Amino acid sequence: MIPEIGHFALILALLVAIMLGSFPIIGAARGNAVWMGFARPLAHVHFYLIAFSFICLAYAFAAMDYSVAYVANNSNSQLPLQFRIAAVWGGHEGSLLLWALILSIWTVAVSLFSKHIPDDMRARILGVMGLVSVGFLLFMLMASNPFERLIPAVLDGRDLNPLLQDPGMIFHPPMLYMGYVGFSVAFAFAIAALLGGQLDAAWARWSRPWTTLAWVFLTLGIMLGSNWAYYELGWGGWWFWDAVENASFMPWLVGTALIHSLAVTEKRGSFKAWTVLLAICAFSLSLLGTFLVRSGIITSVHAFATDPRRGVFILAFLVIVIGGSLALFAWRAPAIGRGGKFNVVSRESFLLANNVLLAVAALSVLIGTLYPLFLDALGFGKISVGPPYFDAVFAPLMAPALFLMGIGPIARWKNASLPELAKRLRWAFGISIATAIILPLILGNLTPMIGLGLFLAFWIIVTTVYMVSQRLRDSDQALLTRIKAVPRSWWGMVIAHLGIAVFTIGVTIVKGFESEIAVRMVPGDVAHLAGFDFTFEGVKEITGPNYSASKGQLRVTKNGVERTVLSSEKRLYTVTNMPMTEAGISPAFIHDLYASLGEPLSDGAWSVRIYHKPMVEWIWFGCIMMGFGGLLALSDKRYRIKKRAKNLAEINLSKVES
Amino acid sequence: MNRGMRALIPLAVFLVVVGFLFKGLFLNPKEVPSPLVGKPAPQFSLPRLDNPETVFSPKEMLGQVWMLNAWASWCPSCVEEHPILVSLAKTGLVPLIGLDYKDTQLEAQQWLEKGGNPYAVTVMDADGRVGIDYGVYGVPETYVIDKAGVIVYKQIGPVTVEALRDTIIPLVKKLQSQ
Amino acid sequence: MFRLIVACFMMQVTCVWAEEAQPLQADLAVEMQVQRLSEELRCLVCQNQTLADSHSDLALDLKREVREMATKGMTDEAIVDYLVARYGDFVRYRPALKSSTVLLWFGPFALLLAGGIGLFIQLRRRQAMTTDEPLSAEEARKVDELLDKES
């Protein structure tokens, strides 16, 4: 009965979404306040219905209701509860429901935190989000119903793919979807502004915190996915340029560009048309990613089981949403004002240049991802575009972007001077070059790529430190007071930029200095890598909740002192009969030691792979810093409305007193 | 280009991409066409399954149209394909040569006893090297080879009734009449 | 002198006794070449993995072939050509530069160039702009007002 109720709630949600997508927008066009007023209550009902439906599906998983086809296909009675819940989004239908749920969360959040937005604007924003939801709910109900019954029911389910039975599955998809779907807010703001012709600085200020928040989620979501792949796939890779990874990376690149151009639009009224285009593109790329995963058009580890009928449906949806918005853009953009005047050398120019680089980078990832499809469609045969290509193309595009990151925040708005900038930054440049050459020489491997990577990272760090010291000097107040006096959004930028530097250091060092060995070991054998001794302590047979495993242990010593014990498992999941490797990792600030158990060989020996990965954790720590920077910017006074009003009152009061 | 025209660029790019995506929905990204089509079939000489003392080589088939079918007793989709091959063999239209890929002699022989033997000759490719020369990446795979010993067609995955009726038999007949 | 010999001998003994793990492959130079190549080759069975990462039978066979060719001293190009002749361009994760992939390899840099030129023209035009429409004081006030409405 419960699955039917969930299904019914979904049908009601579709009806509500249709109302949400029509009444408020028509009301805004006609100036009908009552119709516009429907937007907020409808957004709430929409959320409650989808949340209820989601709970029904989660309940079916928890209660092991194998008469529901989706539950039977994606779980098993031996599967631990936390993975049974995460299995809700482990397949196509349920992950779509998660998509819809998260969209309804963002919609209700906008309706709650948009009291200061004019009624017609708010009505249009919520209406656009309702229209997007209509598409997804319709798709779910017509071609991907998660509540479909299985007749006759089966006794037990087919189990969740063992690759997904990991804590990463609990956090990575919801986080990533919060980011993906979060760009729908910026998108809805942009479309509402285009519809209403209110494309001004206020629009930029409203959509900025939403965009930043979505970007924070996306950054952390991608980071979690990368970290998950690192320990789950058993060979220590952290980014594979897989088609679906690219599909999450493209919105990130465009979203990053959007955050920066929104800043210019808000502060200086410039780049309005460009900013709107980026807002449309960020969400369009999110939708494209959804399409790529579900259409079977591209082979990928992330791809769901496919069905061309579904592909045609999502493609039609894509054409309506993206095509419609780009047509609206083409119609309205020529009338958008150009905004403030600025010189060729100015902070605006540097930000715009960075935007161009990020956009070109996103387009290049798109070209690389879709190129095999283009050639195949034109009958030129099948090719593969993989990591060697992306590494070769991406680095030269990103290097100038990182270099500009050091200059942009220091340059003046409107009119900066190159000679002056050169004079101010010459020391930073010298220090960065020197460190980038000396450090690899000390570590024993200087290649152009290592040198370049470290130079860019140090360049960002040194210029940022210089910028901070400039901002904090010339005052006799205590340091803490001076730090507090600077807006948090500025500190957010500082930390996010330093995060990029930390990330770059991690990538450069791990690529340049990692080492690995593949050895044959019997218990008692010792292998050596990077100054550590790894003693093989043999393999034990263990049994997990739904798998059996061989667990191998390596005792790690350095100069006779025990450092850690690495245990790696070779699991066999009983229901799916799929083997999985669980790597043994000892993560640390300076380096990770990483071992994975291979195959049993003759005479009780095992093949074992051991990796030394210096500074690999910095990659994810850098991402966390970026996310934290974003959150710090969000906590800025400007966005805390009440506080802000109070501050203004205090200022006025003090003026009166003095 | 004026502003109005420039504002249309994103839409134009998007529509081109959509065209390709639509076409892509009807392509199979997993199927990798063989570069060997149009090239001479690689030579080999492998022991026969029925009599490992004697060897078979594609040279023996020069002058006639024939089919090479890579199969294995451990391969699930071969079960699906096998009866179709058996009925093809009964028509006597075209000689089928079996390439028993990475299999053991005993299991292969049992398989043929059980399901019937459609092959004129079966050879054993125990270490899969000939399979690599033919670009086999997942059994079953089937090659149609012409009188001059050139590969004309490759069927990836099981030979289905449709593939046989619509593609393979007309092709074989055409090649035989040449 | 005798002591030294004894010490050496004993060290030898302890080394043997310490049971050094044996590398899976003896020739390190060959193994590095195999690793380098198999990281750029795509497995045809599980199509999202490189030969290096895949544990499928075919991947292991192909790695064995690559190792044999590397042991014979064949160059990277020759080994890749050998595989491309059998499986097609699909096996290369680094697409070959040919007429059909010109756009793939040079497209991003052409875009960068176009973006750079477009940016420069835009900036020059903006610098020469006679009308300046920055945020007017009125607009800025309106924005602040809208934000303050909340309280």
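Student: Describe in detail the overall build of chain C, supporting the description with residues and values.
Tutor: Across its full length, chain C holds six helices and one strand. If you list the helices and strands of chain C from N to C, you get α-β-α-α-α-α-α. The buried share of chain C, reckoned over its 151 residues, is 38%. In chain C, of all internal contacts separated by at least 6 residues, the share reaching a separation of at least 24 is 43%. Only carbon and sulfur atoms are counted for the fraction: they give 65% of the accessible area of chain C, which is about 9000 Å².

Student: Can you lay out the interface of chain A and chain C for me, pointing to particular residues and giving the numbers?
Tutor: Listed by partner, the interface residues are 71 residues for chain A and 54 residues for chain C. Summed over both sides, the interface of chain A with chain C buries roughly 5500 Å², with 63% coming from carbon and sulfur. For chain A, the biggest contributors to the area lost against chain C are Arg338, Lys341 and Ser384 of chain A; these three give 12% of the whole. Our enumeration of links across chain A and chain C arrives at zero salt bridges. Looking at the side of chain A that touches chain C, the elements that each hand over two or more residues are helix H9 (201-232), helix H10 (243-268), helix H13 (347-377), helix H14 (387-407), strand S1 (515-521), strand S2 (526-529), strand S9 (606-614) and helix H20 (641-657) of chain A. No other element matches the twelve residues that H13 of chain A contributes to the side of chain A that touches chain C. Classifying every residue of the side of chain A that touches chain C gives 37 nonpolar, 17 polar and 17 charged.

Student: Hey, could you go over the interface of chain B and chain A for me, with residue numbers and the actual values?
Tutor: With 22 residues of chain B in contact, the opposing surface of chain A contributes 33 residues. Contact between chain B and chain A buries roughly 2400 Å² in total, counting both sides, with carbon and sulfur atoms accounting for 81%. Contact with chain A buries area across many residues of chain B, yet Arg3, Leu21 and Leu25 of chain B alone supply 28% of it, more than any other trio. Between chain B and chain A we count zero salt bridges in total. Summed over the shared surface of chain B and chain A, the number is one residue pair in polar contact (both at pLDDT 80 or more). If you list the elements that add at least two residues to the side of chain B that touches chain A, you get helix H1 (3-6) and helix H2 (9-24) of chain B. In terms of residue count, the dominant contributor to the side of chain B that touches chain A is H2 of chain B (ten residues).

Student: Which residues make up the pattern of salt bridges, and what are the values?
Tutor: All names here are of chain C. Across all of its chains, the model carries 33 salt bridges over all chains by this definition. In this structure, arginine 36 engages aspartate 76 in a salt bridge whose closest nitrogen and oxygen atoms are separated by 3.1 Å. Remark: aspartate 76 occurs in helix H4 (residues 76-87) and arginine 36 occurs in helix H2 (residues 28-38); sequence separation between them is 40 residues.

Student: Can you explain the state of the cysteines? Please cite residues and give values.
Tutor: Note on terminology: a disulfide is the covalent bond linking the sulfur atoms of two cysteines. Residues and elements named next belong to chain B. On inspection of all chains with the given rule, the structure shows one disulfide over all chains. Each sulfur in the disulfide pair cysteine 75 and cysteine 78 lies 2.2 Å from the other. Because the torsion about its S-S bond is 95 degrees, the bridge between cysteine 75 and cysteine 78 counts as right-handed. In this structure, cysteine 75 and cysteine 78 share a single accessibility class: buried.

Student: Please set out the sheet that holds strand S6 (residues 578-582) of chain A residue by residue, giving values where relevant.
Tutor: All names here are of chain A. With respect to topology, five strands assemble into an open sheet ordered S2-S3-S4-S5-S6, the strand pairing being antiparallel. Pairing within the sheet leaves two strands with one partner each, and these edge strands are S2 and S6. Averaged over all neighbouring strand pairs, the angle between strand axes comes to 25 degrees, with direction disregarded. In terms of strand pairing, strand S5 (residues 561-573) meets S6 through five bridges, oriented antiparallel. Pairing of tyrosine 573 across the sheet is with methionine 578, part of S6.

Reading the values: rules and limits
- Residues numbered from 1 in each chain as written.
- Chains lettered and ligands numbered in written order.
- Predicted model: local features only at pLDDT ≥ 70, side-chain atom pairs only at ≥ 80, totals over all residues.
- Heavy atoms only, no water.
- Helix = DSSP H or I, 4+ residues; strand = E, 2+ residues; numbered from the N terminus.
- Buried < 20%, exposed > 50% of the residue type's maximum accessible area, 1.4 Å probe, protein only.
- Contact = heavy atoms within 4.5 Å.
- Areas by Shrake-Rupley, 256 points an atom, 1.4 Å probe, with all protein chains shown as cover.
- Buried area = accessible area lost by both parts, 1.4 Å probe.
- Salt bridge = Lys/Arg side-chain N within 4 Å of Asp/Glu carboxyl O.
- Nonpolar A, V, L, I, M, F, W, Y, C, P; charged D, E, K, R; others polar.
- Polar contact = N/O pair within 3.5 Å; in protein donor to acceptor, adjacent residues only side chain to side chain.
- Disulfide = S-S within 2.5 Å.
- Pairing = 2+ DSSP bridges.
- Axes fitted to C-alpha atoms, helices over the stretch in contact; angles between N-to-C directions.

Keep in mind these values describe shape, not function.
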